[in-house]
Every structure is written in structure tokens, then in C-alpha cells.
Amino acid sequence: MARRKKGRDISGWLIVDKPAGISSNNVVGKVRWAFNANKAGHAGTLDPEATGILAVALGEATKTVPYITDALKAYDFTVRLGQATNTDDIEGEVIATSEDRPTDDAIADALAAFTGDIQQIPPKFSAVKVDGQRAYALARGGEDVELEPRPLYVDELSVIERLDADHVTLHMVCGKGGYVRSIARDLGEGLGCLGHVRDLRRVWSGPFELEDAVTLDQIDELAKTPELDAYLLPLETGLADLPELATTHDGATKLRNGNPGMVMVADVEYGDEAWASLNGQAVAVGHYKGGELHPSRVFKASDS
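Computed from a predicted model, the values in this text were never measured in an experiment.

Asker: So what exactly am I meant to see when it comes to the pattern of salt bridges here?
Answerer: Oppositely charged side chains can form a pair if their charged atoms are brought close together. Counted under the stated rule, the structure contains 13 salt bridges. Its salt-bridge partner being lysine 30, residue aspartate 220 comes within 2.9 Å of it at the nearest N-O pair. Of this pair, aspartate 220 sits in helix α6 (residues 216-222) while lysine 30 sits in helix α1 (residues 24-35), and the two are 190 residues apart along the sequence. A relative accessible area of 25% means that lysine 30 is categorised as partly exposed. Between aspartate 88 and arginine 185 there is a salt bridge; the shortest N-O distance is 3.4 Å. Separated by 97 residues along the polypeptide, aspartate 88 in the loop between β5 (83-85) and β6 (94-97) and arginine 185 in helix α5 (residues 180-191) bring together distant segments of the chain. By relative accessible area, arginine 185 is classed as buried at 14%. The network of salt bridges with shared partners includes Asp88, Arg185 and Asp186.

Asker: I tried to follow the pairing of strand β11 (residues 167-174) on my own but got confused; where do I start?
Answerer: Among the eight residues of β11, eight are classified as buried, and the element is accordingly described as predominantly covered. Of the two faces of β11, the one carrying His167, Thr169, His171 and Val173 and the one carrying Val168, Leu170, Met172 and Cys174 are both buried. Bridge count between strand β4 (residues 73-81) and β11: eight bridges; the pairing is antiparallel. Paired with valine 79 across the bridge in β11 is valine 168. Bridge analysis of strand β10 (residues 150-164) against β11 gives eight bridges, and the strand direction is antiparallel. Residue pairing for β11: arginine 162 is matched across the bridge by valine 168. The turn joining β10 and β11, which pair antiparallel and follow one another in sequence, is formed by two residues.

Asker: What is the right way to look at the side chain of glutamate 60 in this model?
Answerer: Summarising the element assignment, glutamate 60 is placed in the loop between β3 (51-58) and α2 (65-69). One polar contact links the side chain of glutamate 60 to the main-chain amide nitrogen of lysine 300, over a distance of 2.7 Å.

Asker: Got a minute to help me understand the sheet that holds strand β18 (residues 292-298) in this structure?
Answerer: Two modes of strand pairing occur in sheets, parallel and antiparallel, and in both the strands are linked by backbone hydrogen bonds. In spatial order, the strands read β14-β16-β17-β18-β15; together these five strands make up an open sheet with mixed pairing. Edge positions in the sheet fall to β14 (244-246) and β15 (261-262), since each has one partner strand and no second. With six bridges connecting them, strand β16 (residues 273-278) and strand β17 (residues 281-289) associate as antiparallel partners. Each residue of the ladder has a partner; that of leucine 278, found in β17, is glutamine 281.

Asker: Hey, could you run me through the nonpolar core in this one?
Answerer: Soluble globular proteins tend to pack their nonpolar side chains together in the buried interior. Ranked by size, the top nonpolar core spans 25 residues in total, and within it Tyr75, Phe77, Leu157, Leu170 and Met172 carry the most contacts. For this core, the secondary-structure elements that each account for two or more residues are β4, α3 (104-110), β10, β11, α5 and β12 (195-205). With near-sequence residues (within four places) excluded, leucine 170 lies in contact with Tyr75, Asp76, Phe77, Val79, Leu111, Leu157, Ser158, Val159, Ile160 and Leu187. By size, the runner-up hydrophobic cluster in this structure holds 20 residues, among which are Val28, Val56, Val214 and Leu222.

About the criteria used
Residues numbered from 1 in each chain as written. Predicted model: local features only at pLDDT ≥ 70, side-chain atom pairs only at ≥ 80, totals over all residues. Heavy atoms only, no water. Salt bridge = Lys/Arg side-chain N within 4 Å of Asp/Glu carboxyl O. Helix = DSSP H or I, 4+ residues; strand = E, 2+ residues; numbered from the N terminus. Buried < 20%, exposed > 50% of the residue type's maximum accessible area, 1.4 Å probe, protein only. Pairing = 2+ DSSP bridges. Polar contact = N/O pair within 3.5 Å; in protein donor to acceptor, adjacent residues only side chain to side chain. Core = buried A, V, L, I, M, F, W, Y, C linked by side-chain atoms within 4.5 Å. Contact = heavy atoms within 4.5 Å.

Dropping the structure here:
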């Protein structure tokens, strides 16, 4: 018999404005503790020194994490020009310097090469696995890690402000799997001046924005109180990019049992991924086929 997980059976999204100096997993642990939740996860790691939106899913909302992970995300970040580090950010050791500094026009012109569908080599100090081991573990052990390029879609990369000769702040909107540190490194190399990330902030992620976020101080202050529960967004928020199809009570029962269930006609094509709802509550995610949804993920009915 499976052991029952300890904690509350609570579902929803908490959007955290992560401060610098804490890992994403530690934030998830704090959120899980504050809600006494039996299950929690996040949709997209931020480096410990990065700040901004970390979307934390509780309970049934963890089933919608892939839809946030796959969604576009936006970052504001400052590149330190003239220096390369072994980690591609300010936390690393400076391994090369340059006296050259690009003009504002040169920086703006160079950004075009980093938009659209590009290939990106992750930082050597990253969580990418090499022969079963994390690249950062190998790099810390002194190994010269060689990583393969990975595809990345960059929807937008633009200059926010040239702070001074050594620093430029950029705004990037990209898809899944992007490393801002790699953008800074490759931009610096392309400009002939080297570069690394000085600071980084995620300003939105899929449907979530900073105005939705709470701070760790607020979480500590309101931990294990109904006031903190009030900050939870419904799990359905994580399905915002998928079409919603209404179903009936009979359809909901079939879907929650893992079987195809009838859904109302909507503007979707055969085979499209969508989610079924009953009175606005998510029942299942699946593929639409001839008036029915064939479920791939199902959600337990809430107590309300």
C-alpha cells in the first residue's frame, strides 16, 4: 500500500519574487513549508544570484508545470563588457579581459544574430548532464567540459540602457532552455570585447507577471495562515496558453477516470491539445478528437 504524503492537499500557483542568494529549490522548499503542502515544484530554474519570477506549483498544479516551462519568458539583464569569467556571470573567476568597448550602434546591430531560432552552447557551470554527471560538478573538479550546442528560440533581444562604457542592460524574450549567461558570453565574443552577466531578473514567465508575485519576507510573515492561501492563483492559470473546452458532469467523470469524454464544440482542430473544464474547474488536459477530449493528464476534483 502506497504511503500517504504528509501535508495539506492544496493546489494552485504561488508566484515568488525570488531574491538573490537563494536557490530555486530552496524557495520551493520554503513555499511547501509555508503552506504545509504535500507536493510542490517550480517551472524554470533561476540561478541563485538571479532574481524575479519563480512560479511555484502546489498539488494538482504541478501537472501544469510543463505548459509554463514551455512558455515564453522575459529577462532584464546587465552585461559587464570587457571581462570573461569561467561561469559566464559575476560569481565566476575572471579568465580574460579586453580594453575594447563597442559603440551603442555596434551593440544594437549585434543583437540581430541572437534572435529567432539560434544554437546556443550552455555555460560550463550549468546543470546540463555530461555522461550522467552535471556539467558544473565536472567543471568544479577542474575538467574542461565540452557541451554541445542546443536550439533556442529568441523572440526579442533589445537594449534597455547603456549604463556606461562597461555595462549595457538588455531585455530578452525567449523560449524553453535559454541561458542568459550564454547570450552575454557570446555577445561579448561577437563584439570582440568579451562579456558576462552582472545581474539578471526574470520579469515575466508565461501568464505570470511580477505584479502577481510575493516576496520571501511575505511568505515568512504569513506562513501557515489563510492570508497566505489568498495569494494562490488557481491551477487553471497554468493552462492559459491552451484552449478551454467545457464538458458535462458525465464527461468529467469519464475524463477523470482516464477515458475520452465529450466536450462542447469550440474553435479547435482535430488533434489539438486543449483542456476540459466543468464550471471553470480543470478536469483534464488532452487532445481533441471528434467531439471528445482524449486525456493525457487528469485533475482531481477540488473540495469546493
